[in-house]
Amino acid sequence: MATATRKTNWFAIWISVGVVVVLVGLVAVVAVLNSRATDPGPVPAASGINRETGAITFGKGPDKVSTYVDFMCPYCGQFEEAEGKTISGLVDDGSITLEVHPVTILDRLSQGTEYSSRAASAMYAVAEADPANAYAFFRALYDNQPKEQTPGLTDEELISLAKDSGVKMTAKLEKAIKDHEYKSFAQSQELPEGATGTPTLLVNDQIVPVTYDAQKDIVANLTSR
């Protein structure tokens with residue numbers, strides 16, 4: 001009985017090898033992109049900044065108030081206008097520990113300048129370099145908040161705003177703001193579970209719907225008063 005001679009199909013083998021190489025390459029590229037997307041870059045080292053959650057802490061009161069805000073968000077501006085003075089007073093009188101979480105979800109609304117990220121990076125840089133005056137700078141960012149669909153404040157304007165807020169402007173801090181040193185760190189921050197946008201308010205780790213009434217939103221939810 002005759003038997004057929006089997007020939008090696010080298011063309012098919014090399015095609016298969018090529019496909020495997022391409023797939024491996026794609027996996028590597030995706031891994032690198034994912035790594036870049038989640039890489040927080042330089043992390044601020046001040047004791048008042050939580051390196052994991054991104055919270056900037058003000059005060060040492062028994063109740064905790066946490067805000068998640070975007071510096072381009074008009075509703076965050078309204079929140080600060082309506083409730084900021086009450087929050088500041090509660091920090092000053094020792095009632096609360098305030099945790100501010102800058103987020104960067106509205107970069108797309110600043111004509112390509114990534115204002116949300118630049119402002120958040122500047123906030124982290126100031127909080128690291130001059131924590132005593134960081135809250136004044138935070139409030140000033142909303143007192144001078146740019147409108148959506150504009151380029152936002154320039155880096156030079158952010159530096160001037162910090163100076164006007166009483167921040168001690170050193171060459172190192174100025175460079176950190178101009179270089180957007182903590183932009184990647186700011187961009188790596190996320191809203192808490194259950195949040196749908198900014199501003200998000202938590203009192204003692206519980207999300208509280210924002211009504212722009214500080215007595216209802218914050219004071220009524222404190223356990224120490």
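Structure's up top.
So, a few notes on the structure that sits alongside this text. Note that this is a predicted model, so its numbers are computed, not measured.

Cut-offs and rules
Residues numbered from 1 in each chain as written. Predicted model: local features only at pLDDT ≥ 70, side-chain atom pairs only at ≥ 80, totals over all residues. Heavy atoms only, no water. Helix = DSSP H or I, 4+ residues; strand = E, 2+ residues; numbered from the N terminus. Buried < 20%, exposed > 50% of the residue type's maximum accessible area, 1.4 Å probe, protein only. Contact = heavy atoms within 4.5 Å. Phe/Tyr/Trp six-rings, centres within 6.5 Å; stacked < 30°, edge-to-face > 60°. Salt bridge = Lys/Arg side-chain N within 4 Å of Asp/Glu carboxyl O. Axes fitted to C-alpha atoms, helices over the stretch in contact; angles between N-to-C directions. Left-handed = near helix turned anticlockwise from the far one by under 90°. Nonpolar A, V, L, I, M, F, W, Y, C, P; charged D, E, K, R; others polar.

## Considerations on the overall build of the protein
Then, in step 1: Each helix and strand in the protein was counted, giving eight helices and five strands.
Then, in step 2: Ordered by position from N to C terminus, the α and β elements of the protein give α-β-β-α-β-α-α-α-α-α-β-β-α.
Then, in step 3: Within the span of the protein, comprising 225 residues, buried residues form 43% of the whole.
Then, in step 4: Sequence separation of at least 24 residues holds for 76% of the intrachain contacts in the protein that already meet a minimum separation of 6.

## Re the packing of aromatic side chains
Then, in step 1: On inspection of all chains with the given rule, the structure shows six aromatic pairs.
Then, in step 2: Taking the centre distance of 5.0 Å and the plane angle of 75° together, the rings of Tyr124 and Phe185 count as edge-to-face. Taken together, the residues span a long stretch of sequence, with Tyr124 in helix H3 (residues 115-129) and Phe185 in helix H7 (residues 183-187) at a distance of 61 residues. The pair formed by Tyr124 and Phe185 is uniform in burial state, with each residue classed as buried.
Then, in step 3: Look at Phe138 and Tyr142: their rings are 5.6 Å apart centre to centre, the planes differ by 75°, and that puts the pair in the edge-to-face class. Here the residue Phe138 and the residue Tyr142 both occupy positions in helix H4 (residues 134-143), the gap between them amounting to four residues, near one helical turn.
Then, in step 4: Classification of Phe138 by relative accessible area gives buried; the value is 1%.
Then, in step 5: Assessed through its relative accessible area of 9%, Tyr142 is described here as buried.
Then, in step 6: Among the aromatic side chains, those forming a connected cluster through ring pairs are Phe58, Phe71, Tyr135, Phe138 and Tyr142.

## Section: H4
Because the α-helix completes a turn every 3.6 residues, residues three or four places apart line up on one side.
Then, in step 1: The buried fraction of H4 amounts to eight of the ten residues, a majority that puts the element mostly inside the structure.
Then, in step 2: Along H4, the residues classified as buried are Ala134, Tyr135, Phe137, Phe138, Arg139, Ala140, Leu141 and Tyr142.
Then, in step 3: On its buried face, H4 sits against strand S1 (56-58), strand S2 (63-69), helix H2 (74-92), strand S3 (96-102), H3 and helix H5 (155-164).

## A few points about the pattern of salt bridges
Then, in step 1: Inspection of every chain in the model, using the stated rule, returns seven salt bridges.
Then, in step 2: In this structure, Lys178 and Glu174 form a salt bridge, with 3.2 Å as the shortest nitrogen-oxygen distance. Separated by four residues within a single helix, Lys178 and Glu174 lie in helix H6 (residues 171-178), roughly one turn from each other.
Then, in step 3: Here the residues in one salt-bridge network are Glu156, Glu174 and Lys178, joined through shared partners.

## So, the packing of H2 against H4
Then, in step 1: Close contact between H2 and H4 brings their axes to 9 Å; oriented N to C, the two are set at 145°. The chirality of how H2 crosses H4 is left-handed. Facing H2, whose interface residues are Cys76, Gly77, Glu80, Gly84, Lys85, Ile87 and Ser88, H4 presents Tyr135, Phe138, Arg139 and Tyr142.
Then, in step 2: A per-class count over the contact of H2 with H4 returns five nonpolar, three polar and three charged.

## With respect to the environment of Asp39
Then, in step 1: Within the element layout of this structure, Asp39 appears in the loop between helix H1 (10-38) and S1.
Then, in step 2: Considering only alpha carbons, one finds Asp39 and Phe185, 146 residues apart in sequence, at a separation of 7.7 Å.

## Side note on unusual backbone geometry
Then, in step 1: Residue Pro199 follows Thr198 across a cis peptide bond; omega there is -5°.
Then, in step 2: Along the chain, Pro199 falls in the loop between H7 and strand S4 (200-203).
Then, in step 3: For Glu114, which is not a glycine, the phi torsion comes out positive at approximately 55°.
Then, in step 4: Note on placement: Glu114 falls in the loop between S3 and H3.
Then, in step 5: Overall, Glu114 belongs to the partly exposed group, its relative accessible area being 29%.
Then, in step 6: Phi at Asn204 is positive, roughly 50°, even though this residue is not glycine.

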